[in-house]
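# Remarks on the overall topology
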Amino acid sequence: MSIYKDYLKEIEDRKVQGLHPKPIDGAELLSKIIEQIKDVDNEYREDSLNFFIYNVLPGTTSAASVKAKFLKEIILGESVVKEITPAFALEQLSHMKGGPSVEVLLDIALGSNVALAKEAAEVLKTQVFLYEADTARLEEALKNGNTIAKDILESYAKAEFFTKLPDVEEEIKVVTYIAGVGDISTDLLSPGGDAHSRSDRELHGQCLFEHNKDMQNELLALKEQHPDKRVMLIAEKGTMGVGSSRMSGVNNVALWTGVPFSKYVPFINFAPVIAGTNGIAPIFLTTVSVTGGIGIDLKNWVKQKDADGNTIVDADGEPVLKQTYSVDTGTVLTINTKTKKLYKDGEELKDISAALTPPKMEFIKAGGSYAVVFGKKLQTLACKILGIDIPEVYATSKEVSIEGQGLTAVEKIFNKNAVGNTPGKTLHAGSNVRVEVNIVGSQDTTGLMTSQELEMMAATVISPIVDGAYQSGCHTASVWDDKSKANIPRLMSFMNDFGLITGRDPKGKYFPMTDVIHKVLNDITVGDWDIIIGGDSHTRMSKGVAFGADSGTVALALATGEATMPIPESVKVTFKGQMKSYMDFRDVVHATQSQMLKQFGGENVFQGRIIEVHIGTLTSDEAFTFTDWTAEMKAKASICISEDDTLIESLEIAKGRIQIMIDKGMDNANQVLKGLVDKANTRITELKTGIKPALRPDANAKYYAEVIIDLDEIAEPMIADPDVNNEDVSKRYTHDNIRPLSYYGGTKKVDLGFVGSCMVHKGDMKILAQMLKNIEAQQGKVEFKAPLVVAPPTYNIVDELKAEGDWDVLVKYSGFEFDDSAPKGLARTKYENMLYLERPGCNLCMGNQEKAEPGDTVMATSTRLFQGRVVKDSGEKKGESLLSSTPVVVLSTILGRTPTLKEYEAAVDGIVLTKFKPSQKQLVQ
């Protein structure tokens, strides 16, 4: 069967699912289609024309290259297609977003046919995805006296590709749709279990609202009733988009409610409107901006205060809320982009200027942030070539500089890495800054989208200013199924060619490494002044400052080596008191959230800000447990302030692990990994000689708030509980409900335990081994009354445990040990009461492959307690995922229930759970 007939069969298969033909990205198929277009008598000619015009992905896909070349033939008269005139061919090129299309346009614009050159030049003036090779051609033509090149460059210098775009409409009418009450996880918009389909946008769109057809039909009905309005998705009495950046979630919302990017490019929409009573989660809001969308903090429910200004609480100690205005489904509102207010029936409801800042208005006008980023870069290059000053076209970056005020840690990092700001000016929180990025991470369930984004922005190689970048295979590690086999090798090949270090070698020379991406990034970050961007909300390193980001922002960082964002405010966290010997550091993490909420009357002062945690003496492996959890605290990011000796120890550990990657053969031709080892050595020398001490904030830095965590108050293990049966729906599935172990009275049944995810480190695996030995010594045997799934986060940890004898202990008590020579091809649906030693990777935490049985109560070390993430509901019972320390998880599976404090203390007797203690040094300068 021919490739075209295969495509027709696929189309028929998709019809059964209610889907249109899949967009074409391959050269072979499109070449066959063009062959059929040229044959005027071909039975497939009409369909082939439609596929060619309306169903080819743009950018640097191999199909786009074939399409651009054929359009060039038509423009030059070398091929004649009556349905595609030269003018129409130029219009097609204008929608192809760079790469081959720009190359063709430059060929024509710099060619000998003056009339065609002028037409091609007019199209080029609308394009922004040009790279150095493209501008170099224009520069060379300019030197040779080409007037067309001069005309194009002058247009770029004026940024006419931006200024000639239509202005943002003054009034945007919206109709509301309540997507849920309480915090809404991005899983509702793009479930983890559907990660395999994210790059097939129409197919993936079917999973919106976790495949809830009733909600989808309600949304469609609302659109039909209000054809002149956009639908605004709302998290009522909660925050929208908690849990991850989830570009696929924004893509889904845009697909259902947004504006088509181009009539010639299917299923790529932009400009969604999203809102929440408590706004939008920080990294999800960034993703909304990427697509030219609007994210609104409604504040339609507010906390009630008494006469003294104190928050009024109910019998459960929860703040009492009062509705200030209704946004019930079907409410018609008006967003005024000029007054920057939200209106209902002409009455002002809310100032929404934070959602419509000058930079965000530019993103809305340009159809997303990429066009603005590349536009600024192109304007700068054009002005440099022409030897002129850059005209002020874009809104000037906001620069906040307060004389006499010191700098927080994040302010110091941003000032060091800033580009394009006023020379010599010190910037404080609130400033908008372009910064150079040191480390970039791409994970496997969003990586396919990242590769698509790179193709669409016509990028072919990683920016030379990026120190290192890594493509993981951790989210598809536990089940090597047909979907993974089809997607992941293709992703690894693309990213390896692009210049990333990849967990899997496309050439098969080194063994597949399925290590959790955050752990790898934590190791390859060897600078405490570094900026890290990663395609996952848990990109929160314990060295430098790391930001979880959507797949597009990751692509932008890879292509340009830059990111643009405001400098966030910071909250300072310090510790006092002394930990009890039977407490785990995970308990400190949970207590931090609990004590913070108590200190600030239920207000989450961490939300949207940097948590500057003065960790002091804890190495980066263990400190990552804190920074990782800050995603659940809804913080923008976290920075660890360490003592010099501790940072040196962390860098030595990182060096050793990078060297293992080099020894495995994972370094590339540019010797990226060797460069990171060299950088680590340089930093260690600076620390040892005192030339440059570890990163410290200034003593007179200003913080939004300061939180002091009293370790003496932590008397028993702390558990984050989803509180699935709370009568107030808005209080379910939040990470703010932290309960002591004694709350459960040693009676709550536990159906499954999970030790794994990025929240654990080597120490947790050793704790597990020692606990099993303790229990056997105390009880004569180890018997599990509930299954215990263990997934070490990295192969390095497994190797080190094997060398130290602990892995043999785990194997002794296990009923299953992963086998890399024959990885699982199917996810488990049932578990026996035994220990499962699973392949390194995300496993249950991701929820896209393995899951607990529906209705189970799960005790886990992971980060996610959202509905349906780790465990779905059954017909009889809600699934619930409680989050706790490794010792609590292990003992809960031995007992089949939550332990009492007495049982817990006996099980951890003699085990050093953590060496954490507050630093005795002043970690400021």
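Structure: above.
In this convention, every chain numbers its residues from 1, walking through the sequence in written order. Only residues with pLDDT of 70 or above have their local features reported here, since the model is predicted, and side-chain atom pairs are shown and tallied only from 80 upward, although totals for entire chains, interfaces and linings are computed over all residues. Calculation of side-chain values draws on the structure's entire complement of heavy atoms; hydrogens and water are dropped beforehand.

Before going further, it helps to examine the overall build of the chain. Each helix is a run of DSSP H or I of at least 4 residues and each strand a run of E of at least 2, with the numbering of both proceeding from the N terminus. A count of helices and strands for the chain gives 31 helices and 33 strands. Radius of gyration: C-alpha atoms only; globule rule: 2.2 Å multiplied by the number of residues to the exponent 0.38. The C-alpha radius of gyration computed for the chain amounts to 28 Å, which stays within 12% of the reference 29 Å derived for 925 residues, consistent with globular compactness. Viewed in the frame of its principal axes, the chain has a C-alpha envelope of about 90 × 65 × 65 Å. For the chain, the proportion of its 925 residues judged to be buried stands at 61%. If you take every contact in the chain between residues at least 6 apart in sequence, the share linking residues at least 24 apart comes to 73%. Just so you have it, the chain exposes about 34,800 Å², and 49% of that area is on carbon and sulfur atoms. Only four residue types enter the tally: Lys and Arg on the positive side, Asp and Glu on the negative side, with His and both chain ends excluded. Charge positions come from single atoms, namely NZ of Lys, CZ of Arg, CG of Asp or CD of Glu. Distance between charge centres in the chain, computed from 103 positive and 127 negative side chains, equals 1 Å. Three exposure classes are used, based on accessible area relative to the maximum for each residue type with a 1.4 Å probe and protein chains only: buried under 20%, partly exposed in between, and exposed over 50%. In what follows, residue pairs with any heavy atoms lying within 4.5 Å of each other are defined as contacts. What sets the accessible areas is the Shrake-Rupley method with a 1.4 Å probe; for residues, cover comes only from the shown protein chains.

Turning our attention to the pattern of salt bridges. Should a side-chain nitrogen of Lys or Arg be within 4 Å of a carboxyl oxygen of Asp or Glu, the pair is scored as a salt bridge. The full count for this structure, using the stated rule, is 59 salt bridges. Across the salt bridge formed by R246 and D187, the nearest N and O atoms sit 3.1 Å from each other. Of this pair, R246 sits in the loop between β4 (240–242) and α14 (247–257) while D187 sits in helix α11 (residues 186–189), and the two are 59 residues apart along the sequence. Across this residue pair, the class does not change: R246 and D187 are buried. Residues D228 and K229 are paired through a salt bridge, measuring 3.0 Å at the closest nitrogen-oxygen approach. Each of D523, D621, R657, K762, K766, E800, E804 and D806 takes part in salt bridges that share partners, so that together they form one network.

Attention now moves to the packing of aromatic side chains. Aromatic rings from Phe, Tyr and Trp, taking only the six-membered ring of Trp, are treated as a pair when their centres fall within 6.5 Å; an angle between ring planes under 30 degrees marks them as stacked, one over 60 as edge-to-face, and anything in between as tilted. Inspection of the entire model under this criterion finds 22 aromatic pairs. Judged by centre distance (5.0 Å) and plane angle (55 degrees), the ring pair of Y4 and Y44 falls under tilted. One end of the pair, Y4, is in helix α1 (residues 3–16); the other, Y44, is in the loop between α2 (27–38) and α3 (45–54), and 40 residues separate them in sequence. Here Y4 matches Y44 in class, with each residue buried. An aromatic cluster is built from Y4, Y7, Y44 and F51, whose rings are joined through pairwise contacts. Across from the ring centre of F261, 4.8 Å away, lies the NZ or CZ of K97, which sits over that ring. Remark: a charge is flagged as sitting over a ring if the NZ atom of Lys or the CZ atom of Arg is within 6 Å of the ring centre and within 35 degrees of the ring normal.

Our focus in this paragraph is α14. The buried fraction of α14 amounts to 10 of the 11 residues, a majority that puts the element mostly inside the structure. Residues of α14 that are buried: M247, S248, G249, V250, N251, N252, V253, A254, W256 and T257.

Turning our attention to the sheet that holds strand β16 (residues 439–442). Only strands joined by at least two bridges in the DSSP assignment are considered to pair. Taking strand neighbours across the sheet as the criterion, the 5 strands line up as β18-β17-β16-β19-β20 in an open arrangement whose pairing is parallel. Looking at the sheet topology across the chains shown, the edges are occupied by β18 (501–502) and β20 (545–548). Of the pairings in the sheet, the one linking strand β17 (residues 468–471) to β18 comprises 2 bridges and is parallel in character. For Y470, the partnering residue across the bridge sits in β18 and is I501.

A word on helix α13 (residues 213–225). If you check α13, its first and last C-alpha atoms are 18 Å apart, about what 13 residues at 1.5 Å a residue would give, namely 18 Å. Buried within α13 we find M215, Q216, L219 and L222. What you see down the axis of α13 is that its buried residues fit within an arc of 120 degrees, all on one side. When the buried face of α13 is taken as reference, the exposed residues oriented beyond 90 degrees from it are D214, E224 and Q225. Here the buried face of α13 lies against β1 (171–181), α12 (201–205), β3 (230–236) and α14. Each residue after the first adds 1.5 Å to the expected span of a helix. What the arc measures is the spread of directions leading from the helix axis to the C-beta atoms.

Further remarks concern the packing of helix α27 (residues 762–779) against helix α28 (residues 795–804). Only the stretch in contact is used when a helix axis is fitted, and all axes are lines through C-alpha atoms; the angle between N-to-C directions ranges over 0 to 180 degrees. Contact geometry of α27 with α28 gives a least axis separation of 10 Å together with a crossing angle of 40 degrees. In terms of axis orientation, α27 runs oblique to α28. α27 and α28 meet at a crossing whose hand is right-handed. Listed contacts from α28 to K762, M765 and K766 of α27 are I797, E800, L801 and E804. Only Asp, Glu, Lys and Arg are considered charged in this grouping, and only Ala, Val, Leu, Ile, Met, Phe, Trp, Tyr, Cys and Pro are considered nonpolar; every other residue, Gly among them, is considered polar. When its residues are assigned to classes, the contact of α27 with α28 shows 3 nonpolar, no polar and 4 charged. Should an angle lie under 35 degrees it is considered roughly parallel, over 145 roughly antiparallel, and from 65 to 115 roughly perpendicular; all remaining angles are considered oblique. Crossings are assigned a handedness: left-handed for a near helix turned anticlockwise from the far helix by less than a right angle, right-handed for a clockwise turn.

Now for the nonpolar core. With 127 residues, the main nonpolar core has Y470, F606 and L772 as its most contacted residues. L153, F374, C383 and Y394 belong to the second largest nonpolar core, which has 114 residues in total. Residues belong to a common nonpolar core when they are buried Ala, Val, Leu, Ile, Met, Phe, Trp, Tyr or Cys residues joined through side-chain atoms within 4.5 Å.

With that out of the way, let us pick up the pairing of β17. Burial of the side chains of β17 extends over both faces: G468 and Y470 are buried on one face and A469 and Q471 on the other. Sheet topology places β16 next to β17; 4 bridges connect them, and they run parallel. Counted as the bridge partner of S442 is Q471 from β17. Note that the unit made of β16, helix α19 (residues 444–456) and β17 has a crossover that is right-handed. Crossovers are marked right-handed if the path from the first strand over the helix to the second runs clockwise, as seen with the strands pointing away from the viewer. As for the winding sense of the linkage, the β-α-β connection from β17 through helix α20 (residues 482–498) to β18 is right-handed.

Taken together, 3 strands build an open sheet; the order of strands is β14-β15-β21 and the sheet is antiparallel. Two strands close off the open sheet at either side, each with one partner strand: β14 (418–419) and β21 (562–566). Where strand β15 (residues 432–436) meets β21, 5 bridges bridge the pair, whose relative direction is antiparallel. Within β21, the residue paired with V435 across the bridge is A563.

As a further point, take the side chain of S642. In this fold, S642 is placed in strand β24 (residues 637–642). When residues no more than four places from it in sequence are discounted, the contact partners of S642 are I615, G616, L647, A694, R696 and L923.

Time to look at the side chain of D550. Relative to the assigned elements, D550 resides in the loop between β20 and α22 (551–560). Each polar contact in these results corresponds to two N or O atoms within 3.5 Å; when the atoms are within protein, one needs to be able to donate a hydrogen and the other to accept it, and residues that are neighboring in sequence are counted only if both atoms are side-chain atoms. Of the polar contacts made by the side chain of D550, one reaches the backbone nitrogen of G552; its length is 2.9 Å. Excluding its chain neighbours within four sequence positions, the residues that come into contact with D550 are S245, M247, T286, T287, V290 and Y370.

Moving on to the environment of L768. Its location among the elements puts L768 in helix α27. C-alpha of L768 to C-alpha of D806: the two residues are 38 residues apart in sequence and 9.1 Å apart in space. The contact partners of L768, leaving out residues within four places of it in the chain, are L788, V790, L810 and V890.

What follows covers the pairing of strand β8 (residues 294–297). Pairing geometry for strand β7 (residues 273–276) and β8, over 4 bridges, is parallel. The residue of β8 that forms the bridge with A275 is I296. What joins β7 to β8 is helix α15 (residues 282–290), and the crossover it makes is right-handed.

Right, let's talk about the packing of helix α21 (residues 517–524) against helix α25 (residues 644–663) for a bit. At a minimum axis distance of 8 Å, the contact between α21 and α25 shows a crossing angle of 110 degrees. Here α21 lies roughly perpendicular to α25, going by the angle between them. Contacts between α21 and α25 involve V520, D523 and I524 from the first element and A654, R657, I658 and M661 from the second. Considering only residue class, the contact of α21 with α25 consists of 5 nonpolar, no polar and 2 charged.

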